[in-house]
Amino acid sequence: MCNRAGVALLLFLSFESTYFAANAQHVPNSRISFNTVQGWGVKLGTELYHFGEFITRKKEVEDSWKSAQIESRDGEKLVQSMGDDIRAMMELKISAVKRIVEAAENMAFDKQNEPVPEDFQFYNSKEMEDLMDDSITTTPEPEFNMENWIVRPPSKNANLQQNHHFSSIPVNINISSVHVPTNVYAWAPEVIKGIHWSEGLDTHFINNYQSDPTLSWQYFGSSTGFMRHYPAMKWRADPVDIYDCRTRAWYMEAAASPKDVIVLVDRSGSMTGQRRDIAKHVVTNILDTLGNNDFVNVMTFADTVEEIVPCFEDSLVQATLGNIREFKLALENFETMEIANFSAALTRAFDLLEIYRNNSGGANCNQAIMLVTDGVPYNYKEIFEKYNWKYDTPVRVFTYLIGREVKVADVREVKWMACANRGYYVHLSTLAEVRERVLEHVNVLARPLVLQREKHPVVWTPVYANVTDPKVADYLWEQRERAEQKERFMSQRRDKALFNSEKEQTRRWKITQMKQGQYSEIGNSQYQLMTSVSMPVYDLRHNEMRIARLLGVAGTDVPLSEIQALMTPYKVGVNGYAFMVTNNGYILIHPDLRPVFQQILKPSYNSVDMIEVELFDDDRTPRNFSKELTALRQDIIDQKTGNKIMNVKYHMDDMKRVSRGKKHYFWTGISDSPFTLVVAIPENYGRHRITPPPTDDIHRLSLTSKNISARQYLSDKWSVHPDWLYCRHYERTFSTPEEELLYFLERVAKPGWRWPAKPRPPEHHKNKQGHGHNGSVEGERNKAAQRNEYYCDHGLMQALVYDARNTAWFNKSISDSASDDKAAEFIQRFGYIVAFLATHGGLTRWQTHPPKDHDDRVEFGKQWPRAIDEVWYRRAVEQHYVDPLSYVYSVDMNTEKFPLNVSAALVTAAHAVFHSDGHRKAPAAVVGFQFKHERLTEWFDNITSSCEHSKDCVTCASEEWDCYLVDNNGWIVVSKDSTQTGQFFGKIRPDIMSKMIEDEVYKTVHVIDYQAVCFREKKVTNPASTIRTPIDNLRLIMSWFVTTTTWFYNSVSLSMAQSSYSFDDVSYQNYENDEDTDDLSMSKPPTRTHERDFEKLVLINRTRPTPCDREMFLYQMDYTNLDAKLNKPLNECNRPFYAQLVNYTNMLLVVVDAMCAKKDVSILSIDPSEVQYNESLPCLKHKHPLYRKQPASCIRNHTEESNIDMCGRGSLLNRNILWLPFTMLSLLWIKIIF
C-alpha cells in the first residue's frame, strides 16, 4: 500500500509541474532531437503505466486468482459436449412436433367430415382485441355490399398478457388462435372444417409447452391456407398482412422433397397486356415456393428459347433469396413478340433436366416443368414420349393457361399435357387468383409423401427472421425514399435559396452517404433470428376419392439465441466463438452474421456462406478462395469430425480495426439435422482456461457459511453478460439478468437445492393409424417427464461466484484505500475516472470517481456489460502477447457518420490479467480505467512541451512541429488540433502514414465484406418517348375502358385485396397537395434550365438495395523488429517525422515537421468501396459454385399415384361469362372504327 501511495505522490508532483514550459522560446528552424522524442515516449508511457497500476489496483487483481486452477482446453471434447447439448435440445423440439403431427392426423381422421355448427366461433388472430394496444395494426377487410351476404358469427376474444418468453408479445398461453391469409376466405367449406377440427390441438400445444418450457411458437399450417398457432396472439402486420404460411420455408420444405424446376414462359405476341402481367405474377409466385435446397431456372420462349437471366444459361441455380430476386428483377423487362416455338422450349427443358438427373446435380430428387402460356397448337405428345415417358415420367409438367377468353381446344390440350405427366393444370384469368392456384403444385408434389404415410421427414430450415415476408425489405426502402423525396419537395418550397445553397446541398449529400453505410448496425435490431423444425401432416383416410391429400405441416420455432446459450461461450473463451453451418455451407449462427442494415433485412441475409464470414489470411483477391479453405469447408458440410489450424484475420469496432492470428477449428456434425457445429479457438491464449478449485462449490460454501448467500459478494456496481445463460426461470420474469441471478444465488444457499438435470425428450409412442384417441394421447402426456421450473449452468455459476468472491474487495473505493493524502487529492483533481474489472466468468465491476450522484452518463457496466466480448477486453488480451505490461488505449472514433464531441470524449485503457501456474497461463480478467480525453491531452502537452536537460529546446509547443498519439490501428488518440481526435491518421497525414507503411511500421490488411449492401439506381422509363396521333390515343383509351370495365366487374373483390400491397410498383408520388404550401412562383411555366436545376437539386436518385462485396484496407502495427524500424533519423523533408513507441502502451508518438509541405499523395481511406466485377454477384457465384450436401430425404414416387385422377382446375367464370360476347363485339367495333 505504501508503494502504491508513493507512486501516486510522484504522479501528483509530475502533474503539478503544469505548463511552465508550454511557452518556451524555440529557435527558428531548429529541430527536435531524436533523444528528446524518445524521452517523451518513455516518460509518458511510464507515468501512464504507474497511474494505471494505481487506479486499477492491478496487483490485488492478480492476487485474486492465486487459488485458481488452469486446465487445458480440449477443443475436441468441447465441441463434442456442446454438440450433445444442442442435439438433445433439438430432439426435444422434434418430439414436440411429432406429437402435434400424430394428434392432427388422428383428429382429421376422426372429425374431418363432421359438420361445422352454424354458430361456430374461433379465435381469429387478426380480429382479436388487445386491450393494452390502442393502435390499429392490421389492415381491415374491405366491406362489400353483395347480394345473399351471409352473416357469420363474430370471432372469439380472449385476454392477452405480455409474456417475456414470447418476445414480450401479449399472448394467451391457454389457447391457440388462427391466422387466415388475406387471399383465403375463412368460411370456405374446406377452410372452416380444418379450423373446426384443429381446435383439439390446443391440448397438445399446452402439454408440449408444460413438458418443455423452452418451446417457442408451435403451429399447424393447413394446405387450405390457415395457420393455427400457439399461444394465441393478436396478429400484427405493417403495413398490410401478406403472410401465408404455405410460402414459408418451414412449410415448403416439409411439404415436398427438394426439386429442380424449369419455368417456361410464353413470350409470343399474344401474351400482351394483362396476360403478360398474370404470367409475371405466376412466375413470381412459383419462385416464392422455392427454398435453398431447390434449383430453378426461368426461360422465355417465342421463336427462340432464352434464359431470363442470361448468365444462368444452360443451368439450374440454387433458389436462394439472392437468385430469386435476380429472376424477379429480370421479369420486369421481358417483351412479347413473334410466334411461340413450344417444341424448342420443351426439348430444351427436358434436355437440361436430364443432364442434372444423370449427373445427380441440383436437387437430385423431384423435377418439374412449369409451362405458362395462353394456348398451344396441339399437345406435343411425341416430345413427352421421347423425353419423359420412356424414363417412367421423372419430370412432372404443370401448366398454367392464361387469359379470360380461351379456346376449348387450348383447355383440352394444355390440361392433357399436365395430366399425362403427373402434373396439374390451372386456368387463370385474373391476378387475384394466382397465389391460390399456383400453390396447387405443392400438394401434387406432396402426393408420394402422403401415399407412403409412414415416413414423416424432419426438416430444419435455414436462418430466417420473424417478419412476414423478405420482400418487405424492398418495400420499406421504397417508403423511406418516398418520405425523403417528400421532405426535399417541402424544404425547397419553404426556403428555395437555402435549399439550393452549396452548403445545404453538401450537408444533404453527406447524409445520403451516411445512410448508405451499414457497418454500425451489426445488431439484429427488432428482428429475432430463428430456425424451425417441421414435419408434414397426412390425410390418413383411405383413397376412395383417389386423392392423396396433404393436410398441412406442423412445426415449432427455435430462436437462435436458445442455441447460442448452449454454446457455452465462457468455455470457448475470449476471441473464440462457436458457429453453425447448414448442408449448403450457409451460416445458421455466427457472431459476425450481419443480417440487418438501416433496420431493414439485407436481401440475401439467409444465404451467407461460411467462407464469406471466416476471413482466412491468405491475401487472395476477392472470391478467389484457396483449395485448402474449400477443402475445410467441405469437411465441415459433410459433418465429419475434425480439426485444423488456419491463419485468419478478423475485424472489430464496426470494421474500423483489424487483427490477425491463428485459430484452431474443431467441428462435429449434429446428427439428424443438416447442421454442423464449429468451434474456433485462438491458438496461443486459447489453449488453457481458468477454473475454480473443486473445493469452491457454491452450494457447499453456502452450507458451511450457515446458509449465507453468495449474493453478499455482489453489492454495488456490477453486471453480468446479458446473453449468457447462468440460470433461467421458466415461470417468473425478471427486469434484468442481475435480478434473476440474485434470485438464484438465494435459492442455491438454501438446504435441499439440486442442480437441475438437462431436459431430455420424453419417449414418443406412435399410435396406429386410424385408431388414435385423445385418451391415449393424454396418457402419454401424463407419462412425460416432470417439468423443471428452471435451468442452471452449474459450471458458469461456479465460475461467476468464484470471480465474485475473489473480487468483492473491488467495491472499496480507491480514494478510501489510498493512505496518502496527496494520492487522494490527485484522484479528485484528475476529474471523472472509472476503474473497471471484467472477468472470464462474465462479471463486470466498476468504481466511479467522484461517485456518480448527478452525472447523466450511462454507468460503465450498463454500457459495456459483455465482458469478454467487449472490444477493449479482446484487444487487451491480444496485446498481452505483444507486451505483457502494456495497456491498450482507445478513444471513440470520429467519422463523418458519427462525429465525435471531443470536449466530452473519454479515453479507455485496458490491461489483461493472466494467471500462471509456472508452465501454463490463461487470461483471468481485464482491468482498466476510463477518464476524460482532455486530461490525457493535458498530460501529453505537459510532457511534450518540455525537455529533460535543456530549457531552450524545441518542443511540440512550437508551431513548427505537429505531435500526435496514434494507436496500433492508425487512429489518432491525441493531436494538437483537437478536431482531429478519433480520426484516421492516414486521412490527416497520408504522406506520413504512407511512409510508415513503407517502413513496415504498419501493415496493410485487405478485408473483404461479403455481406455488404450497395445501392443500385433504378431505371425509370419515360412514357413521353413515344409520340402518338390523337386517333391512336382515342383508340387506346376506348380499348382500355372496355377491357378494364370487364375485368373490374369479374374480379373486383379479390383484385382490391391483391392491389392493396405491391412491391414491384415504384410509382412516383406527387406530394404537391400534401400540405398548404402554395408558392406563387411555382405557378409560372418553368423553363428547361429551371427544370434541369430542379431535377438535379430536388429529385433523388431512386435506388434498390442490392447484395454486393465491399473491400477495405485496414492497418495494424507490425511489432516485428519495431525498434529498428522506428530508430531512424530525420532526413530533411524526405522523412520529416520521428515515430517512437510510447512505453507500456499500444500508441506511437509521431512528431512531424510542420514546415515541410505535405506531399501530394492520395488519402488513405479505411472506408469500404465496392468490388467491381465484370458481372453481377449472382452470376459470379453461379460461375464458381461451391460444394453443398444434398438433403438425405427424397420421396418422389409412389406406385399408387397413377390411380389419382384429379390433375386440373379451371378459372370459374360463373355468370360473368355472359359478358364475353359483349366484350368481343366491343373490341371488334373499336378496331373497325379506328
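Before reading further, recall that the structure is shown in the block above.
Residues numbered from 1 in each chain as written. Predicted model: local features only at pLDDT ≥ 70, side-chain atom pairs only at ≥ 80, totals over all residues. Heavy atoms only, no water.

### Quick look at the packing of aromatic side chains
Link 1 in the chain: Throughout the structure, instances matching the rule amount to 50 aromatic pairs.
Link 2 in the chain: Seen from their ring centres, Phe301 and Phe342 are 5.1 Å apart, and the 70 degrees between their planes marks the pair as edge-to-face. One end of the pair, Phe301, is in strand 9 (residues 295–301); the other, Phe342, is in helix 10 (residues 342–358), and 41 residues separate them in sequence.
Link 3 in the chain: For Phe301, a relative accessible area of 0% corresponds to the buried category.
Link 4 in the chain: Where Tyr685 meets Tyr881, the ring centres are 5.8 Å apart and the plane angle is 35 degrees; that geometry is what we call tilted. Remark: Tyr881 occurs in the loop between helix 29 (871–880) and strand 32 (888–891) and Tyr685 occurs in the loop between strand 25 (676–682) and strand 26 (688–691); sequence separation between them is 196 residues.
Link 5 in the chain: A relative accessible area of 5% places Tyr685 in the buried class. (Phe/Tyr/Trp six-rings, centres within 6.5 Å; stacked < 30°, edge-to-face > 60°. Helix = DSSP H or I, 4+ residues; strand = E, 2+ residues; numbered from the N terminus. Buried < 20%, exposed > 50% of the residue type's maximum accessible area, 1.4 Å probe, protein only.)

### Some thoughts on the state of the cysteines
Link 1 in the chain: Within this structure, the stated rule accounts for eight disulfides.
Link 2 in the chain: Here Cys311 is linked by a disulfide to Cys1179, with a sulfur-sulfur distance of 1.8 Å. Where Cys311 bonds to Cys1179 through sulfur, the torsion about that S-S bond is close to -70 degrees, and the disulfide is left-handed. Remark: Cys1179 occurs in helix 36 (residues 1177–1183) and Cys311 occurs in the loop between strand 10 (305–307) and strand 11 (317–318); sequence separation between them is 868 residues.
Link 3 in the chain: A relative accessible area of 7% places Cys1179 in the buried class.
Link 4 in the chain: Covalent S-S linkage joins Cys1014 and Cys1108, the inter-sulfur distance amounting to 1.9 Å. (Disulfide = S-S within 2.5 Å.)

### Comments concerning the packing of helix 4 (residues 75–111) against helix 6 (residues 201–211)
Each pair of packed helices gets described by two things: the angle between the helix axes and the distance between those axes.
Link 1 in the chain: In the contact formed by helix 4 and helix 6, the axes pass within 10 Å of each other and the chain directions differ by 165 degrees. With respect to helix 6, the element helix 4 is oriented roughly antiparallel. Crossing geometry of helix 4 relative to helix 6 is assigned as right-handed. The segment helix 4 lies against helix 6, with Ala96, Arg99, Ile100, Ala103, Ala104 and Met107 engaging Leu201, His204, Phe205, Asn208 and Ser211. (Axes fitted to C-alpha atoms, helices over the stretch in contact; angles between N-to-C directions. Parallel < 35°, antiparallel > 145°, perpendicular 65-115°, else oblique. Left-handed = near helix turned anticlockwise from the far one by under 90°. Contact = heavy atoms within 4.5 Å.)

### Overview of the packing of helix 2 (residues 34–56) against helix 30 (residues 933–944)
Link 1 in the chain: One can describe the packing of helix 2 onto helix 30 by two numbers: an axis separation of 10 Å at closest approach and a directional angle of 140 degrees. Relative to helix 30, the element helix 2 lies oblique. The handedness of the crossing between helix 2 and helix 30 is right-handed. The residues of helix 30 that touch helix 2, namely those facing Trp40, Lys43, Leu44, Glu47, Leu48 and Phe51, are Leu936, Trp939, Phe940, Ile943 and Thr944.

### Overview of the side chain of Ser975
Link 1 in the chain: For Ser975, the position within the fold is in strand 36 (residues 972–975).
Link 2 in the chain: By relative accessible area, Ser975 is classed as buried at 6%.
Link 3 in the chain: A distance of 3.2 Å separates a polar side-chain atom of Ser975 from the backbone nitrogen of Asp977.
Link 4 in the chain: Polar contacts involving the side chain of Ser975 include one to the side chain of Gln980, which spans 2.7 Å. (Polar contact = N/O pair within 3.5 Å; in protein donor to acceptor, adjacent residues only side chain to side chain.)

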